[in-house]
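Structural features, examined
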Amino acid sequence: MARTAVASKLAKYKAKRDFGLTAEPSGDRSAKPSGHSFVIQQHAARRMHYDFRLELDGVLLSWSVPKGPSLSPAERRLAVRTEDHPLDYASFEGIIPKGQYGGGTVVVWDNGTWRPEGDAQEAMRKGRLTFTLDGHKLHGRWHLVRTKLDDGKNENWLLFKGRDDAANDKLDIITAEPKSVISGRTLDEIAAEPERVWQSNKIAEPTVMEKRAARFAKLPPKEPANTAQDLPALLEALPLGFKLTNLDKVLYPEQGITKAQLIAYLAVVADWMLPHVKERPLTIVRCPEGRGKPCFYQKKILPGSPKAIDTVKIREESGEVVDYMQIHDMPGLVALAQLGTLEIHTWGCHSDKVERPDLMVFDLDPDVGLGWEKVALAAFELRRRLREVGFESFVKTTGGKGLHVVAPTDRRTDWDDFKTFTKVIVERMAEAEPKLYTTNMAKAQRKNRIFLDYLRNGRNATFIAPYSQRARPGAPVAVPISWEELAHGVDPGAFTIITVPQRLAQLDKDPWDGINRVKQAITAAAWKQLGGKP
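The sections below set out a description of the structure shown in this document.

Some remarks on empty space enclosed by the protein
Under the counting rule described, the total for this entry stands at one cavity of 30 Å³ or more. One number sums up the size of the largest cavity: a volume of about 220 Å³. What lines the largest cavity is a set of 17 residues, among which Ala 45, Arg 46, Met 48, Phe 495 and Arg 503 lie closest to the centre. Those elements that place two or more of their residues in the lining of the largest cavity are helix H5 (187–191) and helix H13 (500–506). Ranked by residues supplied to the lining of the largest cavity, first place goes to H13 with three residues. Among the residues forming the lining of the largest cavity, the class breakdown is eight nonpolar, four polar and five charged.

Next comes the structure, spelled out in structure tokens:
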């Protein structure tokens, strides 16, 4: 195709980018056309997605696929058409700076060649493209079909696998094959070193910090300094009031994440996390030797704990007064990590009024094999029902396969009425759709259903705190998200100790903005909406 025609196709691409700030190719010296190359780039921008690109007529036709491709022919994945990209974008792997269009981390998840069935240009005009992929991860027959459900702003297509020998209804290829096909690195590994320039299969250039260290050293090292070794020294300079120990202990063996890295994570997210955990009674999961080794729950403060962990006295049902834990600030968060804490759970009340709960939490726990879409729909249905009784709600991932829907309340109600109110809400929901939901915690009753767990709303019950890490493979994090994010598609597995700080740096506002300003309560009118108080 003539260069002028290609330039015209790339005009929108260029208009959205400042090539003085981003390392993305400008397209002025585009790569030599190969005919039918394809690339899929995993892209952790404001929302995680996969960019599916097919070479045609001198450019890369591009679609944004929020959930990525599936090998199951039964899975229709939304693919939103985006601007055409230059051919040399196919080898781009690195970090688009914050504030730039699409700011975030990019890896080349798969690439290879594609072969259309019939006339590709005509198929694009008609909105039905059938083709064969020959990549490192994806093979066989595929379909792209334009839908009639466009919203006026986006050109929506569906991407799905053809039924052939390469199809697989059981394998989740996204989870099974996370690494780049050109650098061998995962998205987390690239995001962990934002100063590096990753591209193609070249050796990563040293960071600015590494170059500076080499320049000023008396005996320059043969290889760039390992900045990870500097992390303990930086952490020890924090004004904590207690000494950090065993910072090189590996807590997440699969990723090699150390106590130092966990503490650094908590220090970075402290401003986001503390409004949801400070001055609340806590229960923690401690794994002193790391994930996979013996762990235990702890609710009482133990002798020798850092003074940044404060106490709150709570009378148990037995009459015993117990010193529970609470924290007030960033040193308190770090002190929990110093103890080897891999999970932080809170009560639904504040320490100054332990007998007056102020946060409802509904845990949507799906049976094994239920798709994420059903969990998301359940959250939206619960949100609708809460609105009917006068409550605005918020949503977060749990670091697992479920979601938490939470609703703040005024501190007017005791624990018994509080728990009863939440119980009635989910019972009404389960009664309306008994094939979808259950409030029975027995495993046998959960088959192909979502367990609507209201039990988090009882006295002495706890739930995972927002932004807390989990003692699970992959170092996942429980993350507040907006309802809009949930509607557009969220991959809960993408939220980890490594990726969440980058996510927060890219957000325009807190997904839970306004949660502490909401004024709502369990009133007689709310009970009336539910058919009356039991």
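With respect to the state of the cysteines
On inspection of all chains with the given rule, the structure shows one disulfide. Each disulfide pairs two cysteine sulfurs, and for Cys 287 the partner residue is Cys 295, the sulfurs being separated by 2.1 Å. Its S-S torsion of about 115 degrees marks the bond between Cys 287 and Cys 295 as right-handed, since a negative value means left-handed.

Side note on the environment of His 136
Within the secondary structure, His 136 sits in the loop between strand E7 (128–135) and strand E8 (139–146). For His 136, a relative accessible area of 55% translates into the label exposed. Sequence spacing of His 136 and Leu 159 is 23 residues, and the spatial spacing of their C-alpha atoms is 18 Å. Sequence-distant contacts of His 136, defined by excluding residues within four places in its chain, comprise Asp 110, Asn 111 and Val 181. Within the structure, His 136 has its side chain in polar contact with the side chain of Asn 111 (distance 3.2 Å).

Considering the side chain of Glu 485
Its location among the elements puts Glu 485 in helix H12 (residues 483–488). Setting aside residues no more than four positions away along its own chain, Glu 485 makes contact with Arg 46, Arg 47, Val 490, Arg 503 and Pro 511.

Some points on the pairing of strand E17 (residues 359–366)
Most of E17 is tucked away: seven of the eight residues are buried. Note: E17 against strand E19 (residues 403–408), six bridges, orientation antiparallel. Residue pairing for E19: Phe 362 is matched across the bridge by Val 405. Where E17 and strand E21 (residues 450–453) come together, four bridges link them in antiparallel fashion. Among the inter-strand pairings, Asp 365 is bridged to a residue of E21, identified as Phe 451.

About the cut-offs
Residues numbered from 1 in each chain as written. Predicted model: local features only at pLDDT ≥ 70, side-chain atom pairs only at ≥ 80, totals over all residues. Heavy atoms only, no water. 1 Å grid on protein atoms, 1.4 Å probe; cavity = no way out; pocket = protein on both sides within 12 Å on 5 of 7 lines; lining within 4 Å. Points joined across faces, edges and corners; volume = space filled by probe spheres on them. Helix = DSSP H or I, 4+ residues; strand = E, 2+ residues; numbered from the N terminus. Nonpolar A, V, L, I, M, F, W, Y, C, P; charged D, E, K, R; others polar. Disulfide = S-S within 2.5 Å. Buried < 20%, exposed > 50% of the residue type's maximum accessible area, 1.4 Å probe, protein only. Contact = heavy atoms within 4.5 Å. Polar contact = N/O pair within 3.5 Å; in protein donor to acceptor, adjacent residues only side chain to side chain. Pairing = 2+ DSSP bridges.

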